[in-house]
Amino acid sequence: MAKGFVLCADDFALTEGVSRSILELLGRGRLSATGAMTNRPHWRRLAPELGAFADAADLGLHFNLTCAAPLSAMPRLAPGGAFPTLGTVARAVASAAARREIAAEFGRQLDAFEQAVGRPPDFVDGHQHVHVLPGVRRIVLDALARRYPAGSLYVRDPADTVAAIRRRGVAVGKALVIAGLASGFRAAALRQQLRVNRGFAGVAPFDPARDFAADLRRFLISPGPLHLVMCHPGFVDDELIRLDPVVAARPVEHRAIAAFVPPPGMPLRRFSQIQA
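Residues numbered from 1 in each chain as written. Predicted model: local features only at pLDDT ≥ 70, side-chain atom pairs only at ≥ 80, totals over all residues. Heavy atoms only, no water.

Enquirer: Is there a simple way to think about the side chain of Asp10 in this case?
Expert: Here Asp10 lies in strand β1 (residues 5-12). The buried category is assigned to Asp10, whose relative accessible area is 2%. Reaching out from Asp10, the side chain makes a polar contact with the side chain of Arg156 at a distance of 2.8 Å. Sequence-distant contacts of Asp10, that is, excluding residues within four places in its chain, are made with Ile22, Gly35, His62, Asp125, Arg156, Met230, Cys231 and His232. (Helix = DSSP H or I, 4+ residues; strand = E, 2+ residues; numbered from the N terminus. Buried < 20%, exposed > 50% of the residue type's maximum accessible area, 1.4 Å probe, protein only. Polar contact = N/O pair within 3.5 Å; in protein donor to acceptor, adjacent residues only side chain to side chain. Contact = heavy atoms within 4.5 Å.)

Enquirer: Sorry, what's going on with the sheet that holds strand β8 (residues 227-231) here?
Expert: In a beta sheet, neighbouring strands are held together by backbone hydrogen bonds and run either parallel or antiparallel to one another. Judged by pairing direction, the sheet is parallel, and its 8 strands sit side by side in the order β6-β5-β4-β3-β2-β1-β8-β7 without closing on themselves. Strand pairing shows two members of the sheet lacking a second neighbour, β6 (195-196) and β7 (200-201), which therefore form its edges. Direction of pairing for β1 relative to β8: parallel, over a ladder of 5 bridges. Its bridge partner lying in β8, Leu7 is registered against Val229. Sheet strands touched by helix α4 (residues 96-117): β3 (58-63) and β4 (123-126). Its angle to β3, the strand with the most contacts, is close to 150 degrees. (Pairing = 2+ DSSP bridges. Axes fitted to C-alpha atoms, helices over the stretch in contact; angles between N-to-C directions.)

Enquirer: Help me understand empty space enclosed by the protein in this model?
Expert: Over the atoms rolls a probe the size of a water molecule, and in doing so it shows where empty space is left. Tallied over the entire structure, the rule returns 2 cavities of 30 Å³ or more. A volume near 100 Å³ is recorded for the largest cavity. Residue lining of the largest cavity: 13 residues in total, with Ile165, Arg168, Ala175, Ala201 and Val203 positioned closest to the centre. For the lining of the largest cavity, the secondary-structure elements that each account for two or more residues are α6 (162-168), α7 (172-181) and β7. For the lining of the largest cavity, a count of residues per class yields 10 nonpolar, 1 polar and 2 charged. Lining the second largest cavity are Ala204, Pro205, Phe206, Asp207, Arg210, Phe212, Asp215, Ala249, Val252 and Glu253. When contributions to the lining of the second largest cavity are tallied by element, the ones reaching two or more residues are α9 (212-218) and α11 (249-259). Counting residues per element, the lining of the second largest cavity draws most heavily on α11, at 3 residues. (1 Å grid on protein atoms, 1.4 Å probe; cavity = no way out; pocket = protein on both sides within 12 Å on 5 of 7 lines; lining within 4 Å. Points joined across faces, edges and corners; volume = space filled by probe spheres on them. Nonpolar A, V, L, I, M, F, W, Y, C, P; charged D, E, K, R; others polar.)

Enquirer: Whenever I open this one, the pairing of β1 confuses me. Can you help?
Expert: Within β1, 8 of the 8 residues are buried, which leaves the element mostly enclosed by the surrounding structure. Here 3 bridges tie β1 to strand β2 (residues 33-36), and the two strands are oriented parallel to one another. Of the residues in β2, the one forming a bridge with Phe12 is Ala36. What joins β1 to β2 is helix α1 (residues 16-27), and the crossover it makes is right-handed. (Right-handed = clockwise from strand over helix to strand, strands pointing away.)

Enquirer: Could you clarify how one ought to interpret unusual backbone geometry in this entry?
Expert: The phi torsion of most residues other than glycine is negative, and most of the peptide bonds are trans. One non-glycine residue, Asp11, adopts positive backbone phi at about 80 degrees. Mapping Asp11 onto the fold places it in strand β1.

Enquirer: Even after reading the chapter, I still don't get the nonpolar core, so can you show me in this structure?
Expert: What tends to happen in soluble globular proteins is that the nonpolar side chains get buried as a cluster. If you look at the biggest cluster of nonpolar residues, it comprises 50 residues, and the most contacted ones within it are Phe63, Leu65, Ile102, Phe106, Val136, Leu144 and Val155. Setting aside anything within four residues of it in sequence, one finds Ile102 in contact with Phe63, Leu65, Met74, Leu77, Val93, Val136 and Ile139. In this structure, Ile22, Leu59, Val229 and Ala258 belong to the second largest nonpolar core, which totals 42 residues. (Core = buried A, V, L, I, M, F, W, Y, C linked by side-chain atoms within 4.5 Å.)

Enquirer: I keep staring at the packing of aromatic side chains and nothing clicks. Help me out?
Expert: The description of an aromatic ring pair uses the distance of the two centres, along with the angle that the planes make with each other. Counted under the stated rule, the structure contains 6 aromatic pairs. Pairing Phe212 with Phe219 gives two aromatic rings, centres 6.2 Å apart and planes at 65 degrees, and the pair type is edge-to-face. Residue Phe219 is classed as buried on the basis of its relative accessible area of 1%. By the ring-pair criterion, three or more aromatic residues cluster together here, those being Phe12, Trp43 and Phe113. (Phe/Tyr/Trp six-rings, centres within 6.5 Å; stacked < 30°, edge-to-face > 60°.)

Enquirer: What is the right way to read the pattern of salt bridges from this model?
Expert: Where charged atoms of side chains with opposite charge meet at close range, the side chains can pair. Enumeration according to the criterion identifies 19 salt bridges in this entry. Residue Glu24 pairs with Arg28 through a salt bridge whose shortest N-O separation is 3.5 Å. In this structure Glu24 comes out as partly exposed when scored by relative accessible area, which is 33%. Given a relative accessible area of 46%, Arg28 falls into the partly exposed group. With a shortest N-O distance of 2.7 Å, Arg218 and Asp215 are connected by a salt bridge. Of this pair, Arg218 and Asp215 both sit in helix α9, 3 residues apart, roughly one helical turn. Judged by its relative accessible area of 32%, Arg218 is partly exposed. Linked through salt bridges whose partners overlap, the residues forming this network are Glu16, Arg20, Arg45 and Glu49. (Salt bridge = Lys/Arg side-chain N within 4 Å of Asp/Glu carboxyl O.)

Enquirer: How should I be thinking about the side chain of Arg250 in this particular structure?
Expert: Relative to the helices and strands, Arg250 resides in helix α11. Of the polar contacts made by the side chain of Arg250, one reaches the backbone oxygen of Val246; its length is 2.8 Å. Excluding anything up to four places from it in sequence, Arg250 contacts Asp11, Leu14, Val18, His232, Pro233, Gly234, Leu240 and Asp244.

Now the structure itself:
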């Protein structure tokens, strides 16, 4: 039986507005985790503010290969200086040269987290779930197993059972595609002695007309024993409009999360609090 759930905001440092939204929600105790995009120019400046929540929430790396620019040159994957689409990344990992570039960039993004926060991340996940792509997942899991003591951090498995996804009834097709993409990821992570969530929700249609508060409640239907719900709150700014397709839904999510009261028996927790 679930002892609670992790509510994780993705995309910290993507833009100032997204980051301010997440910091506000952390300050109000409405989130228990957030993942940072350490390749973004806002990261180093905002990291001290995020680090102030180290005792209250899980702070992780939101590994990014598909938004804006890498931390260093990647002539095979990002020849023009900007990351490609997710589909391009999926095709590129067939190349050994691209895999070497991805491994180096993953190391740089981890380094940027540690240098700014002063410690390793509590978890790792991926922007657009890039960390579970075949080819990329091996790079990520091998690097984490080499770099950190066994069991010291967790990785996100963005899959759940078909039955649970259908019972929730939110973006079912999209959630099933992501679950299929992540097939085998949890087992591969456990083989590397990495901790993994069991139960995942938060896949959304990003429709600002939807009742996201109702969706939040649906995301807690059929929870796994280590249940993790992702979300994407944010305040809209010009940079967000230029960078990301998910814009209008972010303030809707922010308002819903700010007012959300978890149901009895499903408190908001950090990952380690549920695992204990």
